Structures are given as structure tokens and as C-alpha cells.
Amino acid sequence: MNDRIQNKDSIAVIGFGYVGSSLATLLADRGFDVHGVDVDPELVEKVNDGVCPIQEDQVTERFERYADAGRISATTSFDVIGDCETVIVTVGTPLAESDPDVSAVKAATESIGRHLREGQLVIYRSTLPATLTESVLVPILETESGLEAGVDFDLAFCPERMAEGTAFEDLRSTPVVVGGLTEQSQAATEAFWEGMGLDMVSVSSPTAAEFAKLADNWWIDLNIALANEVALLSEELGVDAMEVITAANTLPKGQHNVNILYPGAGVGGSCLIKDPWFVANLGDEYGLDLQTPRTSRRVNEQMPGHMVELLEGELDGLDGARVAVLGYAFKAGTDDTRNTPAAEVVEELRESGAEVRVSDPFVPAATVESEVALTPSRLPEALDGADAVLVVTGHEQYRSLTPDTLAEHVGSSGAVLVDGRFTFEPGEFRNTPITYVGVGRGETRD
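Participant: Any chance you could break down the overall build of the protein chain for me, citing the residues and the numbers?
Facilitator: Helix and strand counts for the protein chain stand at 16 helices and 18 strands. The C-alpha radius of gyration computed for the protein chain amounts to 24 Å, which stays within 12% of the reference 22 Å derived for 446 residues, consistent with globular compactness. The buried share among the 446 residues of the protein chain stands at 54%. The long-range share in the protein chain, meaning contacts at least 24 apart out of those at least 6 apart in sequence, stands at 72%.

Participant: Any chance you could break down the packing of helix 13 (residues 303-312) against helix 14 (residues 341-351) for me, citing the residues and the numbers?
Facilitator: Where helix 13 contacts helix 14, the two axes come as close as 8 Å, and the packing angle between them is 40 degrees. Between helix 13 and helix 14, the angle falls in the class oblique. Once helix 13 is placed against helix 14, the crossing between them reads as right-handed. Note on element contacts: helix 14 touches helix 13 through Pro341, Glu344, Val345, Glu348 and Leu349, opposite Pro304, Gly305, Val308 and Leu311. Classifying every residue of the contact of helix 13 with helix 14 by side-chain character gives six nonpolar, one polar and two charged.

Participant: I'd like a rundown of the pattern of salt bridges, residues and numbers included.
Facilitator: Within the structure shown, the criterion is met by 18 salt bridges. Measuring nitrogen to oxygen at the nearest pair gives 2.7 Å for the salt bridge that ties Arg338 to Asp336. Residue Arg338 is classed as partly exposed on the basis of its relative accessible area, which comes to 38%. Across the pair Arg357 and Glu355 runs a salt bridge, and its minimum N-O distance is 3.8 Å.

Participant: Can you break down the nonpolar core residue by residue, with the values?
Facilitator: Of all hydrophobic cores here, the largest spans 38 residues; its most connected members are Phe16, Leu27, Ile72, Phe192 and Trp193. The element best represented in this core is helix 2 (residues 18-29), accounting for seven residues. Residue contacts for Trp193: discarding those within four places in its chain leaves Ile123, Arg125, Cys158, Val176, Val178, Leu198 and Met200. If you look at the next biggest cluster of nonpolar residues, it comprises 37 residues, including Ala321, Tyr328, Val346 and Val437.

Participant: Before we move on, could you go through the sheet that holds strand 7 (residues 121-124) and cite the residues and values that matter?
Facilitator: By way of backbone hydrogen bonds, the strands of a sheet pair with one another, either parallel or antiparallel. Taken together, the eight strands give an open sheet; going across it, the order is 3-2-1-4-7-8-9-10, and neighbouring strands pair in mixed fashion. One side of each edge strand has no neighbouring strand; the edge strands of this open sheet are strand 3 (72-75) and strand 10 (200-203). Strand after strand, the sheet turns through a mean of 25 degrees between neighbouring axes, direction not considered. Of the strand pairs in this sheet, strand 4 (residues 86-89) and strand 7 are connected by four bridges, and their pairing is parallel. What sits directly across from Ile88, in strand 7, is Ile123.

Here is what the cut-offs are and how they apply
Residues numbered from 1 in each chain as written. Predicted model: local features only at pLDDT ≥ 70, side-chain atom pairs only at ≥ 80, totals over all residues. Heavy atoms only, no water. Helix = DSSP H or I, 4+ residues; strand = E, 2+ residues; numbered from the N terminus. Rg over C-alpha atoms; globule rule 2.2 N^0.38 Å. Buried < 20%, exposed > 50% of the residue type's maximum accessible area, 1.4 Å probe, protein only. Contact = heavy atoms within 4.5 Å. Axes fitted to C-alpha atoms, helices over the stretch in contact; angles between N-to-C directions. Parallel < 35°, antiparallel > 145°, perpendicular 65-115°, else oblique. Left-handed = near helix turned anticlockwise from the far one by under 90°. Nonpolar A, V, L, I, M, F, W, Y, C, P; charged D, E, K, R; others polar. Salt bridge = Lys/Arg side-chain N within 4 Å of Asp/Glu carboxyl O. Core = buried A, V, L, I, M, F, W, Y, C linked by side-chain atoms within 4.5 Å. Pairing = 2+ DSSP bridges.

Now the structure itself:
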């Protein structure tokens, strides 16, 4: 085993949100002592009380076990950096309108620089506009520390590439893209990840690594946009989009088959919303009017509204309609509500006069109340007397619902089910009082 792991070296993780907490769990699992640094004192207190900041399968329980054992701790002070051989930056870079807000990562970089010493390794994993590491962050570190990057300390960009809901498994199995500032930094960073038993993809620079991450999410968002337009046209043609996509995906093309992803109620989260705009803005800087990132955003942003349109097409107006929205998190199996399409669904329903109930097994009630001013309901109470049910998040718990259990709770004359996440098969609702309408799947009624 690598000496670094045998010695249980300390690692500083800057930013203890979703990405930082998940990474800290893997690092502790590999034998490191992890010191989280975050500007939120409430989060720091929670971590030091042994509570994981996020709810995530395979992460939460492990994180709390390691926190209780003293292997994961947190602080608001950057002083801890001096005691760590490796510093990993996972600070968020949200959108400010359509531009990336990198103020937090720049501020963190200034603080890191003031505590940096020779021989350390700094790894950026925050999603950044391509070139930012080399053009902005490196000069900040050098100015604040008085040291030369790539000579006195090593530096690399290694983008996070995990998906919420499968974060721990993704961290263990997805190759790490490594873009070192110099050959020395490349070697040091590769040795670090190799010591954790992870596969790597080496690229020539931090900029190449930054752009690889953006290209991943650019492709995903564009692919989902294609799937969503397949669904919209399928509705008009009277065919099942899932049947069409499944058939289309059997065609070999290049190194792999065609791989059209699934359509649905909308795209949410942090990266898939912002990264196409990062790309579009980067193109503008170089005089390129890139169309595909703008197109994917335009297509995917219309899907929450389409969910409401599907319902309006089945009911005689939404004014006074009792509507149960199942799922508020942006993705199944998580409590993350960043840019969730459910918020827009709720807003449009209420603007149309509907009485809206929200239910989600993962998202805290306080989050729903603060974001959409609704007190969430538990299942099955959310279904009681409902005129319509909209599945916006594909939580596994909803798959246990059946036409019979739905019929027991909804209004006596039946209800409309709008399925935005392929939670049910349309054929299940034949000869039931439930009218099924699925994104891209048409309508099934008695």
C-alpha cells in the first residue's frame, strides 16, 4: 500500500458542500484524515457534531461514521492547510444570470495562498470556465504565497465527474482527468490518485482538463435536449418515445451504439444547468457564436412547463384543481433542490389557480417551505382527493405505487397522472379510473 495512505496523511478539502462531503467520504475510506474548510459556521458545527451535510446513498452513513471516529472534521479557518500535504478545492461556482460566478473560488484561493508552503499539492475540482486555473488562480496563489506554482508547490486541475445519487460509486470507478501545471505537478497528482487505486486520464494542461469537464456536460445536456424533442414529436405522432429511443439505440455507430438518453420533466442540479452557459460564454470570448449549448438550454428549460401543459390538456382548466406534485429534488435519490424543475412546475400550477401539494421523501420540509412557500405532505396524504398527480422526480419510493393504490386516494371520479420520469408503464392504467399521460408516451385512459 502507498506510504501516503499507510501514514494516514491529512488532506484539506476546501468547500464542504455536496462535492466536498462526498469526496471527503472517499478519502476517509481510503485511510486519510480529512479537514474540511467551509465559510458556513452552521455546516461546520453540523460536521463536528457527526452529521453529514448531505443525504446520499452510500455517503451519509459512511461520512457520519468517519466523523464520529475523528477522521472527518471541519473548520472555518484556513490555518489547517499548513498541516496538510494535499489541498483539494471543491468550492461551488454557480451561475450569476448566464455568467459563471467564480468569486467564491477566487476568495478561497487567496486564503489558500496565504497559508501555502513549499512541497504541497493543490488540486482544483471546482467546475471552472476553461483557462481560469492558469490565467487567474495560479497568479493569485503565487502572489499570496510568494511561491512559484509547479516548482515550489504542485498544482493540477482534476474535475469532479460524479453524478448525484451515485456519488460514492462514481468517485471509486470513474477515471480521474488529470491536468498538471508542469510535468512535476502531473507526476505528483497522478501519484496521489494512483495511491487511492483510481484510474486516470492524463491531459496536457489544466485548461484541457477544465474543458473536458465542460464538454461532458455540454454533451449530456444536448443529448437530453434531443431526447426531449423526440418525446415532443412522439406525442404528436402518437408513438411511445421510449419505444423509439430503445430501437434507435441499437444502431452501432463509431466505437459505441447510438445512445439517446431519456426525456423527462426537466433538467436540474448544478452542473447541467450552468456548464452549457460556461461554454457559450467562453465561445463569445473567442468570437464564436456557439449554438448547441444555447439550443440545449432552450429545449430543456421548456419541459417543466410542458408537464403543466399536458395536465391542462386533460383537465377542464386548472383553477381549483387539487394537484399532488411527487418529488421536489432535482434528481432521484437525493435531497438536492438546486435548479429543480419542480419549483417551476409548482409556480406554474399555482399561477393557473391550482391547489398544490408537494411530497418528497428526501427533501427537508424547511427547504420546500423556504423555496416555494408550501408545507410538504407525506405519502399517501398528498394523494388524498387529488384531481391530478404529477411525477416530477423519479424517486424509487414512487415505483411502489400502483393504479389500485392511487385510485384508493384520488378523487372519486378518478384522476390524471402525468408521469415525467417513466415511473410507470402506460399499460398498467388500462381499465382503471386513472388517466395516464407520460412525457413522450401519449395518453392511456379507461
